[in-house]
Amino acid sequence: RDFLSNVSHELRTPLAAIRALVETMEDGVDAEDAPEFLRRIRQQVERLTSLVNELLDLSRIESGAITLNAEMVELSALVAESASLLRTRTEPAEVRIACESDPIAVEADRASLLRVVSNLLDNATKWSPRGSTVRVWMRDEGEVVALCVQDEGPGIPDQDLARVFERFYKGEASRSAAGVGLGLAIVKHLVRAHGGTATVESPPGEGALFTVRLPKVFVGKR
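Residues numbered from 1 in each chain as written. Predicted model: local features only at pLDDT ≥ 70, side-chain atom pairs only at ≥ 80, totals over all residues. Heavy atoms only, no water.

Trainee: Mind showing me how you'd approach the nonpolar core here?
Mentor: As a rule of thumb, nonpolar side chains are buried together in soluble globular proteins. Within the largest apolar cluster, 48 residues are counted, with the highest numbers of intra-cluster contacts made by Leu120 and Phe210. Among the elements that take part in this core, helix α5 (residues 110-126) stands out by supplying 7 residues, more than any other. Ignoring anything within four residues of it in the chain, the contact list for Leu120 reads Leu147, Val149, Leu184, Val187, Phe210 and Val212. (Core = buried A, V, L, I, M, F, W, Y, C linked by side-chain atoms within 4.5 Å. Buried < 20%, exposed > 50% of the residue type's maximum accessible area, 1.4 Å probe, protein only. Helix = DSSP H or I, 4+ residues; strand = E, 2+ residues; numbered from the N terminus. Contact = heavy atoms within 4.5 Å.)

Trainee: So what exactly am I meant to see when it comes to the pattern of salt bridges here?
Mentor: Charged atoms that come close allow side chains of opposite charge to pair. Per the counting criterion, the structure on display carries 13 salt bridges. A salt bridge links Asp57 to Arg115; the nearest nitrogen and oxygen atoms lie 2.9 Å apart. Taken as a pair, Asp57 in helix α2 (residues 34-63) and Arg115 in helix α5 lie far apart in primary sequence, 58 residues in all. With relative accessibility at 21%, the residue Asp57 sits in the partly exposed group. Here Arg87 ties to Glu91 by a salt bridge, and the two come within 3.8 Å at their closest N and O atoms. Of this pair, Arg87 and Glu91 both sit in helix α4 (residues 87-93), 4 residues apart, which is roughly one turn of the helix. Classification of Arg87 by relative accessible area gives partly exposed; the value is 42%. On the accessibility criterion, Glu91 (53% relative accessible area) is exposed. Via salt bridges that share partners, Asp57, Arg60 and Arg115 belong to a single interconnected network. (Salt bridge = Lys/Arg side-chain N within 4 Å of Asp/Glu carboxyl O.)

Trainee: I would appreciate a short explanation of the environment of Met138 in the present structure.
Mentor: Counting through the fold element by element, Met138 comes out in strand β4 (residues 133-140). The buried category is assigned to Met138, whose relative accessible area is 10%. Between the alpha carbons of Met138 and Val149 there is a distance of 9.1 Å; along the sequence they are 11 residues apart. Discounting chain neighbours no more than four positions away, the residues touching Met138 are Leu75, Ser76, Cys99, Ser101, Ile104, Val145, Ala146 and Leu147.

Trainee: Hey, could you run me through the packing of aromatic side chains in this one?
Mentor: Following the criterion strictly, the structure yields 1 aromatic pair and no others. The residue whose ring lies beneath Arg40 is Phe37, and the NZ or CZ to ring-centre distance is 5.7 Å. (Phe/Tyr/Trp six-rings, centres within 6.5 Å; stacked < 30°, edge-to-face > 60°. Lys NZ or Arg CZ within 6 Å of the ring centre and 35° of its normal.)

Trainee: It is not clear to me how helix α3 (residues 75-85) should be interpreted in this structure. Could you clarify?
Mentor: For an α-helix the count is 3.6 residues per turn, leaving residues at separations of three or four pointing the same way. Listing the buried residues of α3 in full gives Leu75, Ser76, Leu78, Val79, Ser82 and Ala83. The arc enclosing the buried residues of α3, seen along the axis, measures out at 155°, which places them on a common side. (Arc of directions from axis to C-beta.)

Trainee: Mind showing me how you'd approach the side chain of Ser82 here?
Mentor: Looking at the secondary structure, you find Ser82 in helix α3. Excluding its chain neighbours within four sequence positions, the residues that come into contact with Ser82 are Leu114, Val117, Ser118 and Leu121.

Trainee: Which parts of the structure should I look at to understand the sheet that holds strand β7 (residues 209-215)?
Mentor: The pairing of strands in a sheet happens through backbone hydrogen bonds and is either parallel or antiparallel. Strand order in the open sheet formed by 5 strands is β2-β4-β5-β7-β6, with mixed pairing between adjacent strands. A strand with exactly one partner marks an edge of an open sheet, and here the two such strands are β2 (96-99) and β6 (197-201). Adjacent strand axes in the sheet meet at a mean angle of 15°, parallel and antiparallel pairs treated alike. Bridge analysis of strand β5 (residues 144-150) against β7 gives 7 bridges, and the strand direction is antiparallel. Following the sheet pairing, Ala146 is matched in β7 by Arg213. (Pairing = 2+ DSSP bridges. Axes fitted to C-alpha atoms, helices over the stretch in contact; angles between N-to-C directions.)

Trainee: I tried to follow the side chain of Thr90 on my own but got confused; where do I start?
Mentor: Tracing the backbone shows Thr90 in helix α4. For Thr90, a relative accessible area of 7% translates into the label buried. Apart from the residues lying within four places of it in its own chain, the contact partners of Thr90 are Val95, Ile97 and Thr125.

Trainee: Help me understand the environment of Ala162 in this model?
Mentor: Structurally, Ala162 can be placed in the loop between α6 (158-161) and α7 (183-193). Residues Ala162 and Ala83 lie 79 residues apart in sequence; the distance between their C-alpha atoms is 27 Å.

Remember that the coordinates give geometry; whether it matters functionally is a separate question.
Structural data, given as C-alpha cells:
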C-alpha cells in the first residue's frame, strides 16, 4: 500500500506539471517565453524517465535478474570516480568529498559498486551543509572490507533509521527534498547481491554514517 501510494505520488507530480505547462502553451504564450516552457517540460520528462529507469533497475536487482562480472576493484579509485561524477552538485554547494584511506581492493562487479558509491555520496551531499566535508574511508576487517561514508548534516531521527533503505521511504525531514527515495534501496540490494551488508548509524551531532561491508572474494551470483 505504501509503495503504490508513493509511486503514484511521484508519477502524478511531474505529470501534473507537464499538463499545466502544455495547457498554458495551448492558450498561447509569447514567442520569447516558449523556450522556457519547453525547458521546464523537458525537465519534468527527465524526472519521469529517471524514476521509471530506477524502478526497472530496482525490480531487476531485487529479482536477481542481473549479471555480475567479478573483477578486482580498487575502492579509493572508485570513490574518486564517483566524486568526479557528482562535481556538478558538490561544487555549487561547496561540499568537499575526502577519501581518507590507502588503496584497498575487493573482487566485485565494478559497475554495480560504482552505483553503490555514487548513490551513497549523492545522498550524503544532499544533506551536507554548504562548505562541509563528506568523509569516506575503507577498513580491512579480515574477510570483508568496510566502506564508510559520513556527512556533516542534521543526521537521521531514531524512528527513521530502520527504514532508510526501504524503497520510496522518506522521513518527515526529507519529504520536500529532491529524489524519489530509491537510491538507498538500490544500494542495499546491490550490496546483498555481492553477499555484503549495508547499515546506517546517526550518532547525535555527527551526521549520518553509512557503512557497506563487502567480501574481499566475490560470493554473489555471476
